[in-house]
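Here is how the chains run, residue by residue.
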Amino acid sequence: QVQLVESGGGLVQPGGSLRLSCAASGSIFSINAMGWYRQAPGKEREWVARITSGGNTNYADSVKGRFTISRDNVKNTVYLQMISLTPEDTAVYYCHADVKLHFGGQSDYWGQGTQVTVSS
């Protein structure tokens, strides 16, 4: 199996910064695109950022210019550096990976989520 474990969430004041990490482990041959999503109470899950295996990135308009996605292909880890946080960024953040498996095939995997709360 493949597991994605997120870390780095917590409580931060408006204007503050957080860096989220998501490490993939298991029967991984390689990982194609990785990304971050978020979901606030009462809202649908929102795509935040995506990064390809080659490092090409895309961002939702709501976070563009404030969030930076990056990855370490050796560690199978994706990061989300968040700055200038506002209360509207409060959500559970989930990482996603498109994984090629050692035994063949390809599948999508999700992390368990990490809570980010932006509040005074």
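Check the entry above for the structure.
Procedures and definitions
Residues numbered from 1 in each chain as written. Predicted model: local features only at pLDDT ≥ 70, side-chain atom pairs only at ≥ 80, totals over all residues. Heavy atoms only, no water. Buried < 20%, exposed > 50% of the residue type's maximum accessible area, 1.4 Å probe, protein only. Helix = DSSP H or I, 4+ residues; strand = E, 2+ residues; numbered from the N terminus. Pairing = 2+ DSSP bridges. 1 Å grid on protein atoms, 1.4 Å probe; cavity = no way out; pocket = protein on both sides within 12 Å on 5 of 7 lines; lining within 4 Å. Points joined across faces, edges and corners; volume = space filled by probe spheres on them. Nonpolar A, V, L, I, M, F, W, Y, C, P; charged D, E, K, R; others polar. Axes fitted to C-alpha atoms, helices over the stretch in contact; angles between N-to-C directions. Salt bridge = Lys/Arg side-chain N within 4 Å of Asp/Glu carboxyl O. Core = buried A, V, L, I, M, F, W, Y, C linked by side-chain atoms within 4.5 Å. Contact = heavy atoms within 4.5 Å.

S.K.: An account of the pairing of strand β11 (residues 114–118) is requested, with residue identities and associated values reported.
M.R.: For a regular strand, side chains alternate in direction, first toward one face of the sheet and then toward the other. On β11, burial follows the alternation: T114, V116 and V118 on one face are buried, whereas Q115 and T117 on the facing-out side are not. Relative to β11, strand β2 (residues 10–12) runs parallel, the two sharing 3 bridges. Paired with L11 across the two strands is T117, which belongs to β11. Bridging between strand β9 (residues 91–101) and β11 involves 3 bridges; their strand directions are antiparallel. Residue V92 lies in a different strand from β11, and its bridge partner there is Q115.

S.K.: So what's going on with the layout of surface pockets? Residues and values would help.
M.R.: Empty space within the largest pocket amounts to approximately 170 Å³. Surrounding the largest pocket, 13 residues form its lining, R38, A40, K43, E46 and E88 being those nearest its centre. When grouped by side-chain class, the residues that make up the lining of the largest pocket number 2 nonpolar, 4 polar and 7 charged.

S.K.: Explain the sheet that holds strand β3 (residues 18–26) residue by residue, including any values.
M.R.: Pairing is antiparallel in the open sheet, where 4 strands are placed in the order β1-β3-β8-β7. Single-partner strands in this sheet number two, and they are β1 (2–7) and β7 (67–72). Across this sheet, the average inter-strand angle for adjacent strands is 15 degrees, counted without regard to direction.

S.K.: Account for the pattern of salt bridges, with residues named and values stated.
M.R.: The full count for this structure, using the stated rule, is 4 salt bridges. In this structure, R38 and D89 form a salt bridge, with 2.9 Å as the shortest nitrogen-oxygen distance. Taken together, the positions of R38 in strand β4 (residues 28–39) and D89 in the loop between β8 (77–82) and β9 put the pair 51 residues apart, joining distant regions of the chain. The class for R38 is buried, based on a relative accessible area of 6%. Among the residues examined, D89 registers a relative accessible area of 1% and is labelled buried. One salt bridge connects K64 with D61, and the closest N-O pair in it is separated by 3.3 Å. Residue classification places D61 among the exposed residues on the basis of a relative accessible area of 68%. Three or more residues are tied together by salt bridges with common partners; here these are R38, E46, R66 and D89.

S.K.: Lay out the nonpolar core in plain terms, naming residues and giving numbers.
M.R.: With 33 residues, the main nonpolar core has W36, L80, M82 and Y93 as its most contacted residues. Residue assignment for this core shows that the elements contributing at least two residues are β1, β3, β4, β5 (46–51), β7, β8, β9 and β11. If near-sequence neighbours (up to four positions away) are discounted, L80 is found in contact with L18, R19, L20, W36, V48, A49, F67, T68, I69 and Y93.

In short, shape yes, function no, at least from these values alone.
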